[in-house]
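Close look at the chain arrangement
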Amino acid sequence: MANAPFRADQVGSILRTEALKKARLDFKAGEITAAELRQVEDNEIKHIVQKQKEAGLKAVTDGEFRRAWWHFDFLEGLDGVEGYDAENGIQFAAVQTKTHSVKIVEPIDFSDHPMLADYRFLHSVAGTDAVAKMTIPSPAMLHYRGDIEYSPYLEDKALFLHDLARAYKKAIQAFYDEGCRYLQLDDTSWSYLCSDAEREVVRARGFDPDELQTIYKDLINEAISEKPADMVITMHICRGNFRSTWIASGGYEPVAETLFGGLNIDGFFLEYDNDRSGDFAPLRHVKRPDLKIVLGLITSKNGVLEDPALIKARIKEASEFVPLSQLCLSPQCGFASTEEGNILTEDEQWAKLAHVVAIANDIWSDK
């Protein structure tokens, strides 16, 4: 795992296949059982794992095929957390998600989480020629998105953060025990703290955006403080990804010093596919020689293949702030952060991933 994240890597989610979409509708209509749905999921995951290998990727995921959301499904599996139908969905640019959220109703803990079995299956089909990569939301996302109804947490915010970090310590160890050596924490809160508009939303919720940086830094560092030495933990930071739309705009400068200088993460997957992400100057705060920066220069929001020369030029520009030896390449986000998926075809998706590999192979000889 010394090379993870890899020179050509991916964020994780994959467009749901037609067979999977049909099976989900059939299950909802009561026409197939949960066991039959899971068999379809198994078959489709085997299919996409092979497709990822054919694209040339060294890290494969299950595409988040058993989930509806990139974050809520995992968070609902924590002890003390429940999903519920909210009044409104999450607002993206000109579109809103389904009405769903999570709430904390009892003490937070991690015990027999259903995604342990999901990872176990992925690990079994990844084979010896690829690394099974697991993706889960960062603990900051429960703090950012979750509604607290458990009264002791309302009275003692430090207790809430303590229990949340402890639950994630257990989760990390549990995935490790199942064989996971490459874990990714997905987190949109950091990009919201880069956005003037979203910083106002944070203030309206009673938080100081700069203080929240410190809270999240300490929470995440505590959550990963006991990770095994041979486990790689990365973080993906995104400005929103739903049906090819977005939420936040703004470069990384407001959080860069805390993010790159304060978080004990092995690597960052950073959205850099358009002007909304800002320039590479915030990367000057990367001081650790062991910290990998995965540049999300290939968009997952449409199927148009980027000009390789332009991507190489941007990587060269980034290398003015971070040595080329510490850089990698990936799409800026997954292709289906929710089960609805972005607006491109499956063929275009696979071409995008192969494009990442081809460009990376041209740049790095130690691929």
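Model, not experiment: these values are computed from the prediction. As a convention, each chain's residues are numbered from 1 in the sequence order in which they are written. Reporting in this predicted model follows two pLDDT cut-offs: at least 70 for local features of residues, and 80 or more for side-chain atom pairs to be given and counted; totals over whole chains, interfaces and linings ignore these cut-offs and use all residues. As a convention, hydrogens and water are excluded, and side-chain values are obtained from all of the structure's heavy atoms.

1. Quick notes on the sheet that holds strand β11 (residues 267-271)
Quick reminder of the rule: Between any two strands, pairing holds if DSSP finds at least two bridges. Secondary structure elements follow DSSP: runs of H or I no shorter than four residues count as helices, runs of E no shorter than two count as strands, and numbering proceeds from the N terminus. Axis lines are fitted through C-alpha atoms, for helices just across the contact stretch, and the angle between N-to-C directions can take any value from 0 to 180 degrees. A contact between two residues is defined here by any heavy atoms of the two lying within 4.5 Å.
Ordered in space as β7-β9-β10-β11-β12-β13, the 6 strands form an open sheet in which the pairing is parallel. Where the open sheet ends on each side, the last strands, each with one partner, are β7 (134-137) and β13 (327-331). Taken over all neighbouring pairs, the strand axes of this sheet differ in orientation by 25° on average, direction set aside. Taken together, the 4 bridges between β7 and strand β9 (residues 182-187) define a ladder with parallel strand orientation. Its bridge partner being in β9, proline 137 is matched across the sheet by aspartate 186. Where helix α13 (residues 346-363) meets the sheet, its contacts fall on β12 (292-298) and β13, and the angle it forms with β13 comes to roughly 165°.

2. Looking at the environment of glutamate 348
Just so we agree on the cut-off: Exposure is judged per residue with a 1.4 Å probe applied to protein chains only, and the accessible area is read against the type maximum: over 50% gives exposed, under 20% gives buried, and values in between give partly exposed.
Looking at where glutamate 348 falls in the secondary structure, it is placed in helix α13. Judged by relative accessible area, glutamate 348 falls into the partly exposed class, the value being 30%. Separated by 122 residues in the primary sequence, glutamate 348 and glutamate 226 have C-alpha atoms spaced 40 Å apart.

3. Overview of empty space enclosed by the protein
Leftover empty space is mapped by rolling, across the atoms, a probe with the size of a water molecule. Applied cut-off: Buriedness of a pocket was judged along seven lines, with at least five required to meet protein on both sides within 12 Å; pockets are open sets of points on a 1 Å grid over the protein atoms alone, cavities are sets where a 1.4 Å probe fits but cannot get out, and lining residues have an atom within 4 Å of a point. Grid points are joined across faces, edges and corners, and a volume is the space filled by probe spheres set on the points.
Taken as a whole and judged by the stated rule, the model has 2 cavities of 30 Å³ or more. Looking at the second largest cavity, its volume works out to about 30 Å³. If you trace the second largest cavity, you find it lined by His143, Tyr144, Val202, Arg205, Phe207, Leu212 and Tyr216. Those elements giving two or more residues to the lining of the second largest cavity turn out to be α5 (140-145) and α10 (209-223).

4. Description of the environment of glycine 261
In this structure, glycine 261 sits in helix α11 (residues 253-262). Note on glycine 261: relative accessible area 57%, which makes it exposed. Taking the C-alpha atoms as reference points, glycine 261 and valine 286, 25 residues apart in sequence, are found 6.2 Å from one another. Ignoring anything within four residues of it in the chain, the contact list for glycine 261 reads Ala256 and His285.

5. Quick word on the packing of aromatic side chains
Definition in use: Between the rings of Phe, Tyr and Trp (Trp by its six-membered ring), a pair exists once the centres lie within 6.5 Å; its type follows the angle of the planes, with under 30 degrees stacked, over 60 edge-to-face, and the other angles tilted. Comment: the charge-over-ring label is applied if NZ (Lys) or CZ (Arg) is within 6 Å of the ring centre and within 35 degrees of the ring normal.
Applying the stated criterion across every chain yields a total of 10 aromatic pairs. With a centroid separation of 5.3 Å and 45° between ring planes, the pair formed by tyrosine 153 and phenylalanine 160 is classed as tilted. A relative accessible area of 0% means that tyrosine 153 is categorised as buried. In this structure an aromatic cluster arises from ring pairing among Tyr150, Tyr153 and Phe160. Positioned above the aromatic ring of tyrosine 84 is the side chain of lysine 103, whose terminal nitrogen or guanidinium carbon lies 5.3 Å from the ring centre. Against the face of tyrosine 176 rests arginine 181, its NZ or CZ located 3.6 Å from the ring centre.

6. Considerations on a negative patch on the surface
Here is the rule we go by: Here, patches come from residues exposed beyond 30% relative accessible area and free of salt bridges, joined within 9 Å for like charges and within 5 Å for nonpolar side chains (Val, Leu, Ile, Met, Phe, Trp, Tyr). Method for areas: the Shrake-Rupley scheme with a 1.4 Å probe, in which residue coverage is limited to the protein chains shown. Basic side-chain nitrogens of Lys or Arg form a salt bridge, by our definition, when they fall within 4 Å of a carboxyl oxygen of Asp or Glu. All tallies of charge rest on Lys and Arg as positive and Asp and Glu as negative; His and the ends of each chain are not included. A charged residue contributes its charge at one atom only: NZ of Lys, CZ of Arg, CG of Asp or CD of Glu.
Taken together, Glu82, Glu106, Asp147 and Glu149 make up a surface patch of like negative charges. Note that aspartate 147 resides in strand β8 (residues 147-148).

7. Re unusual backbone geometry
Trans is the common state for peptide bonds, and a negative phi is the common state for residues other than glycine. Following alanine 4, the chain continues to proline 5 via a peptide bond in cis, the omega torsion being -5°. Tracing the chain through its elements places proline 5 in the segment before α1 (18-28). A positive phi angle, near 60°, is found at glutamate 64, a position not held by glycine. Within the secondary structure, glutamate 64 sits in the loop between β1 (59-60) and α3 (72-76).

8. What to know about the sheet that holds strand β5 (residues 101-109)
Ordered in space as β2-β5-β8, the 3 strands form an open sheet in which the pairing is mixed. Among the strands making up the open sheet, the edge pair consists of β2 (79-84) and β8. Docked against the sheet, helix α7 (residues 157-177) engages β5 and β8, running at close to 85° with respect to β5.

9. Focus on the pairing of β5
With 5 bridges connecting them, β2 and β5 associate as antiparallel partners. When the sheet's bridge partners are listed, valine 81 is paired in β5 with isoleucine 104. As paired strands, β5 and β8 are joined by 2 bridges and run parallel to one another. Bridge pairing links lysine 103 to aspartate 147 in β8.

10. Structural notes on the pattern of salt bridges
For the structure on display, the rule yields 25 salt bridges. Between glutamate 339 and arginine 24 there is a salt bridge whose closest N-O contact spans 4.0 Å. Taken together, the residues glutamate 339 in the loop between β13 and α13 and arginine 24 in helix α1 connect sequence positions 315 residues apart. The closest approach of N and O atoms between arginine 166 and aspartate 163, which form a salt bridge, is 3.7 Å. Taken together, the positions of arginine 166 and aspartate 163, both in helix α7 and 3 residues apart, correspond to about one turn of that helix. When its relative accessible area of 33% is taken as the criterion, arginine 166 is described as partly exposed. Residue class for aspartate 163 comes out buried when judged on its relative accessible area of 7%. Taken together, the salt bridges that share partners define one network made up of Arg24, Arg38, Glu41, Asp42, Arg66, Asp118 and Glu339.

Treat this as a map of the structure, not an account of what it does.
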